[in-house]
Amino acid sequence: MKTTTRKELITYLAIWTVLFLAPLLSTLVHSIVEEDYTFKWMPVLHMWDGLVVMLIAFIVHNFFLAPRLLFQHKWKGYAIAIIVIAALFTTYKYYCSPPQFLKDKLPPPIERHMADDNKADKEQLKEFNPDDMSPRRPEADIPSGPPRHHDGRPPLSPMDLMSAMLLLSLLATNLGLKTLFHNIDEGERQRKLEQQNLKQELSYLKYQVNPHFLMNTLNNIHALVDIDPERSKTAIVKLSQLLRYMLYEGSKSCIPLDRGITFLGNYIDLMRLRYNGNVDISFNYPKPIPNVKVLPLLVITFVENAFKHGVSYAEPSFVHISIDVDNNNLVFKCRNSKHSKSPRPKDEHGGFGLANVAKRLELIFGNKHTFDIIDEKNTFTVLLIFPLDLVKDE
C-alpha cells in the first residue's frame with residue numbers, strides 16, 4: 001500500500017471514530033451531569049443508525065464517485081450522484097423516524113413533554129360535547145404541537161435537514177482530503193518519473209556513443225564501399241539519421257509515430273547489413289502511418305535485445321517486429337528466435353534492464369498498459385500495449 005493511501009485511510013478512520021464516539025460520550029456526560037436522566041442505549045443507537053448510513057454514502061463517494069467521476073472530469077455525473085445521495089439520505093431519515101420509533105429513544109425530559117401533550121389531548125376529549133355540531137372549533141381548542149401527516153409521521157423536520165447538511169459536509173471533507181492526497185501522489189509520481197527519465201537519458205547517452213555499435217556498423221559499410229558503393233552511401237545516410245534521432249529526439253517527452261518508425265527502420269536496415277540476409281528479419285507497421293504521438297526510444301531496448309540475443313550464425317534465426325494502432329492503443333510486438341547455446345540474460349538490455357523498463361511504464365501509464373514477456377522454448381516475445389491518449393507534451 002502506498003504511504004499516502006495508508007495515511008488517507010488512517011485519517012478517515014480517525015474522523016469516523018470520533019463521529020461514532022461523540023453520541024456515546026454526549027449521552028454518558030448528560031447522565032452524569034443531570035440527576036434525573038438515566039443513561040440509555042436507545043438514543044445512542046438511533047444516532048448510530050444515521051451514522052452508519054452516512055458511512056455507506058462516504059465509502060461510495062470515496063471509492064467510486066470521486067476517483068471515477070470527479071477525477072475523470074465527469075462533472076455532470078458527479079453532481080447528479082451527489083444530489084441522488086442527499087435525496088436518498090433525506091428520504092431515509094424521513095421514513096425511518098416514525099413517532100413511536102423516536103419516542104422510545106428520546107431522553108426522559110422530552111418523553112415527559114410528550115406525555116403532558118397526550119394528557120392535555122385526553123382532557124380535551126373528555127370535555128367534548130357530541131351535541132355541539134358547530135362547524136369550527138375555537139383556535140384555543142386545537143391541539144398544540146407540530147403538524148403531522150394522516151399516518152402520524154411528522155413532516156420533514158429541521159433535524160432531518162441538518163442531518164442532510166452534515167452528510168454533505170462529510171462528503172465535502174472527503175473530497176478535500178482525497179484531492180490533497182491525490183495531488184501528493186501525483187507530485188511523488190512526477191518526481192519519480194523525472195528521476196527515471198534522467199536515468200534513461202544517462203543510459204541512452206552512453207548508448208549513443210557505444211563504440212561497439214559504431215564499429216560494427218562502420219565495418220559493414222566499409223565492406224560495401226567496393227562491392228556496392230550506392231548501398232554503402234545509403235547505409236551512411238541511415239547511420240547519420242539514426243544518430244541524429246538519438247541525439248535530438250531522444251530527450252523529448254513525445255514524438256510523432258512516423259519519426260519513431262523511421263528510426264526503427266534505419267536501425268533494422270543497419271542490422272540487415274551486419275547479417276547479410278542470413279536472418280529472417282521483418283518490420284511491419286500501419287500504412288499510412290497514423291498521426292499520433294509516442295514516447296521516443298521506448299521500444300528500441302527490445303529491438304536491440306532481439307538482435308543481440310536472438311541471432312545465431314550457426315542456427316536459423318529470425319527477428320519479427322510489428323507496430324499497430326488499435327482503438328487508440330499502440331500495440332508493439334517483438335518476437336525473435338531463442339538458442340539454447342546462447343541463453344538470454346534476464347536483465348541485460350544495454351545497461352537499461354527489463355526491471356527499469358517495467359518501472360518506467362508503470363510510472364507513465366499506471367495500470368492502463370499491458371507489458372508481457374513470453375519466454376518459450378525456442379522463441380522470446382515482448383508484447384507492449386499502451387493508450388496513446390496518455391502520451392502528452394510536457
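Because the structure is predicted, anything quoted here is derived from the model rather than measured.

Asker: What's the story with helix α10 (residues 300–310) in this structure? I'm lost.
Answerer: In an α-helix, one turn spans 3.6 residues, which is why side chains three or four residues apart end up on the same side. Burial within α10 is extensive, with ten of its eleven residues counted as buried. Regarding α10, the residues found buried are I300, T301, F302, V303, E304, N305, A306, F307, H309 and G310.

Asker: So what exactly am I meant to see when it comes to the nonpolar core here?
Answerer: As a rule of thumb, soluble globular proteins bury nonpolar side chains together. By size, the foremost hydrophobic cluster in this structure holds 53 residues, and its most contacted members are V303, F307, I321, F332 and L384. With ten residues, helix α9 (residues 257–275) is the largest single contributor of residues to this core. Setting aside residues up to four positions removed in sequence, L384 forms contacts with L298, V299, F302, L330, V331, F332, L361, H369, T370 and F371. In terms of nonpolar packing, the next biggest core, distinct from the first, is built from 21 residues, Y12, F89, L170 and F181 among them.

Asker: Looking at this structure, how should I read the sheet that holds strand β2 (residues 280–284)?
Answerer: Consider a sheet: its strands pair through backbone hydrogen bonds, and that pairing is either parallel or antiparallel. Pairing in this open sheet of five strands is mixed, and the strands run β2-β4-β5-β7-β6 from one edge to the other. Unpaired on one side and paired on the other, β2 and β6 (370–375) mark the two borders of the sheet. For this sheet, the mean angle separating the axes of adjacent strands, direction not counted, is 5°. The sheet strands contacting α9 are β2, β4 (318–326) and β5 (329–337), and the helix crosses β2 at an angle near 170°. Lying over the sheet, α10 contacts β2, β4, β5, β6 and β7 (379–387), oriented at roughly 10° with respect to β5.

Asker: What is the right way to read the pattern of salt bridges from this model?
Answerer: If you walk through the whole model with that rule in mind, you get six salt bridges. The salt bridge involving K238 is made with D269; its shortest N-O contact spans 3.1 Å. Of the two residues, K238 sits in helix α8 (residues 229–248) while D269 sits in helix α9, which places them 31 residues apart along the sequence. Overall, D269 belongs to the partly exposed group, its relative accessible area being 25%. The salt bridge involving D269 is made with R272; its shortest N-O contact spans 2.8 Å. Within this pair, D269 and its partner R272 are both found in helix α9, separated by three residues, close to a single helical turn. Since its relative accessible area comes to 31%, R272 is described here as partly exposed.

Asker: I keep staring at a nonpolar patch on the surface and nothing clicks. Help me out?
Answerer: A contiguous nonpolar surface patch, about 580 Å² in accessible area, is contributed by L21, L25, L28, V29, I32 and V33. Of note, V29 is situated in helix α1 (residues 3–33). Note on V29: relative accessible area 48%, which makes it partly exposed.

Asker: Would you take a moment to explain the pairing of β4 for this structure?
Answerer: Within a regular beta strand, the side chains point alternately toward one face of the sheet and then the other, so they alternate between its two faces. Here β2 pairs with β4 via five bridges, running parallel. Looking at β4, one finds that I281 is bridged to V319. As paired elements, β4 and β5 share eight bridges and run antiparallel to each other. Considered in β5, the bridge of V319 is made with N336. Here β4 hands over to β5 after two residues, with N327 in that stretch at a positive phi of 50°.

Asker: Is there a simple way to think about the pairing of β5 in this case?
Answerer: As paired strands, β5 and β7 are joined by nine bridges and run antiparallel to one another. Bridge pairing in β7 places R335 opposite T381.

Asker: Is there a simple way to think about unusual backbone geometry in this case?
Answerer: Both trends apply: most residues other than glycine have a negative phi, and most peptide bonds are in trans. P288 follows K287 through a cis peptide bond whose omega is 0°. Inspection of the secondary structure puts P288 in the loop between β2 and β3 (293–294). With a phi close to 65°, H73 is a non-glycine residue in the positive phi region. The topology assignment puts H73 in the loop between α2 (41–70) and α3 (75–95). Unlike most non-glycine residues, N328 shows phi in positive territory, near 65°. Tracing the sequence through the fold places N328 in the loop between β4 and β5.

Asker: Can you help me understand the environment of F263 in this one?
Answerer: Within the secondary structure, F263 sits in helix α9. Residue class for F263 comes out buried when judged on its relative accessible area of 4%. For the pair F263 and M246, spaced 17 residues apart in sequence, the C-alpha to C-alpha distance is 8.7 Å.

Asker: What am I meant to see in the packing of aromatic side chains here?
Answerer: Aromatic ring pairs are defined here through the distance separating the ring centres and the angle between the ring planes. Tallied over the entire structure, the rule returns eleven aromatic pairs. Relative to W48, the ring of W41 has its centre 6.2 Å away and its plane inclined at 55°; by these criteria the two rings are tilted. Since its relative accessible area comes to 46%, W41 is described here as partly exposed. Using a relative accessible area of 23% as the deciding quantity, one classes W48 as partly exposed. Ring geometry for F283 against Y285: centres 5.2 Å apart, planes inclined by 50°, an arrangement best described as tilted. Classification of Y285 as partly exposed rests on a relative accessible area of 30%. Members of the aromatic cluster, connected to one another through ring pairs, are Y12, W16, F20, W41, W48 and F58. The cationic tip of K287 hangs over the ring face of Y285; the distance from NZ or CZ to the ring centre is 5.2 Å.

Reading the values: the criteria
Think of each chain on its own: its residues are numbered from 1, step by step along the sequence as written. Under the rules for a predicted model, residues below a pLDDT of 70 receive no local features and side-chain atom pairs below 80 are neither given nor counted, while totals for whole chains, interfaces and linings still include all residues. As a rule here, side-chain values cover all heavy atoms of the structure and leave hydrogens and water aside. Burial here depends on accessible area, computed with a 1.4 Å probe over protein chains only, as a share of the maximum for the residue type. Under 20% is buried, over 50% is exposed, and the range in between is partly exposed. Strands here mean DSSP runs of E at least two residues long; helices mean DSSP runs of H or I at least four residues long; both are numbered from the N terminus. In this text, buried Ala, Val, Leu, Ile, Met, Phe, Trp, Tyr and Cys residues form a nonpolar core when linked through side-chain atoms within 4.5 Å. Residue contacts are defined here by distance: any two heavy atoms, one from each residue, within 4.5 Å place the two residues in contact. Two strands qualify as a pair provided DSSP detects at least 2 bridges between them. Angular values range over 0 to 180 degrees, each being the angle between N-to-C directions of two axes fitted as lines to C-alpha atoms, with helices fitted over their stretch in contact. Whenever Lys or Arg places a side-chain nitrogen within 4 Å of a carboxyl oxygen from Asp or Glu, that contact is recorded as a salt bridge. Two joining distances apply to patches: 9 Å for like charges and 5 Å for nonpolar side chains (Val, Leu, Ile, Met, Phe, Trp, Tyr), and every residue must have over 30% relative accessible area and no salt bridge. What sets the accessible areas is the Shrake-Rupley method with a 1.4 Å probe; for residues, cover comes only from the shown protein chains. In summary, the pairing rule links any two rings of Phe, Tyr or Trp, Trp by its six-membered ring, whose centres are within 6.5 Å, and it sorts them by plane angle into stacked for under 30 degrees, edge-to-face for over 60 and tilted for everything else. Two conditions define a charge sitting above a ring: the NZ of Lys or the CZ of Arg must be within 6 Å of the ring centre, and it must be within 35 degrees of the ring normal.

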